[in-house]
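# Architecture and fold: a report
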Amino acid sequence: MEKSYKSLGMIPRLGIVFSLRNLNLPDYDGNKGDYYYVQAPNISAADLDKLQAFTVGSVTFYYSALDYAKAVVESSSNKDAQKTLAKALYLYNHAANTYFG
């Protein structure tokens, strides 16, 4: 059975949201309405810039928490408070990388 994948974005817990046909529900961590997601919980502050692998079926996607932050900052639909929080996430990661070496 062939799946049709369309990445719709990322959620704050560092996950990827998909709208799919022919869903294989064990591949997903949960859903919000018609959208299913996979996530990588418990990422340390120093690893927010590290790529995380998300595999659904036979397709693997790689994203970091800072990819999410970048998308928030670049989106014209996000409010200034959301952009400020995303920028703070970047600074938090930078500080953690400096502290932990």
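Attention shifts here to the pattern of salt bridges. Tallied over the full model, the rule gives 2 salt bridges. A salt bridge links Asp49 to Lys50; the shortest N-O distance between them is 3.5 Å. On the basis of relative accessibility, which here comes to 31%, the residue Asp49 falls in the partly exposed class. Looking at Lys50, the relative accessible area reads 41%, which means it is partly exposed.

What the rule picks out here adds up to 1 aromatic pair. Residues Tyr99 and Phe100 carry aromatic rings whose centres are separated by 5.0 Å and whose planes lie at 85° to one another, so their mutual orientation is edge-to-face. Taking the relative accessible area as the measure of exposure, Phe100 reaches 59% and is therefore exposed.

Time to look at the nonpolar core. Tyr28, Tyr36, Val38, Ala40, Phe54 and Val56 form the largest nonpolar core, which has 6 residues in total. Elements with a contribution of two residues or more to this core: strand E4 (35-39) and strand E5 (52-56).

So, about the packing of helix H1 (residues 65-74) against helix H2 (residues 80-100). Contact geometry of H1 with H2 gives a least axis separation of 8 Å together with a crossing angle of 150°. Classified by the angle their axes make, H1 and H2 are roughly antiparallel. In this structure, H1 meets H2 at a crossing whose hand is left-handed. Facing H1, whose interface residues are Ala65, Leu66, Ala69, Val72 and Val73, H2 presents Gln82, Lys83, Ala86, Lys87, Leu89, Tyr90 and Asn93. Residues of the contact of H1 with H2, tallied by class, amount to 8 nonpolar, 2 polar and 2 charged.

Among all positions in H1, only Ala65, Leu66, Ala69 and Val72 are buried. One side of H1 carries all its buried residues, which in axial view fall inside an arc of 110°. Contacts made by the buried residues of H1 are with strand E6 (59-63) and H2.

Parameters at a glance
- Residues numbered from 1 in each chain as written.
- Predicted model: local features only at pLDDT ≥ 70, side-chain atom pairs only at ≥ 80, totals over all residues.
- Heavy atoms only, no water.
- Salt bridge = Lys/Arg side-chain N within 4 Å of Asp/Glu carboxyl O.
- Buried < 20%, exposed > 50% of the residue type's maximum accessible area, 1.4 Å probe, protein only.
- Phe/Tyr/Trp six-rings, centres within 6.5 Å; stacked < 30°, edge-to-face > 60°.
- Core = buried A, V, L, I, M, F, W, Y, C linked by side-chain atoms within 4.5 Å.
- Helix = DSSP H or I, 4+ residues; strand = E, 2+ residues; numbered from the N terminus.
- Axes fitted to C-alpha atoms, helices over the stretch in contact; angles between N-to-C directions.
- Parallel < 35°, antiparallel > 145°, perpendicular 65-115°, else oblique.
- Left-handed = near helix turned anticlockwise from the far one by under 90°.
- Contact = heavy atoms within 4.5 Å.
- Nonpolar A, V, L, I, M, F, W, Y, C, P; charged D, E, K, R; others polar.
- Arc of directions from axis to C-beta.

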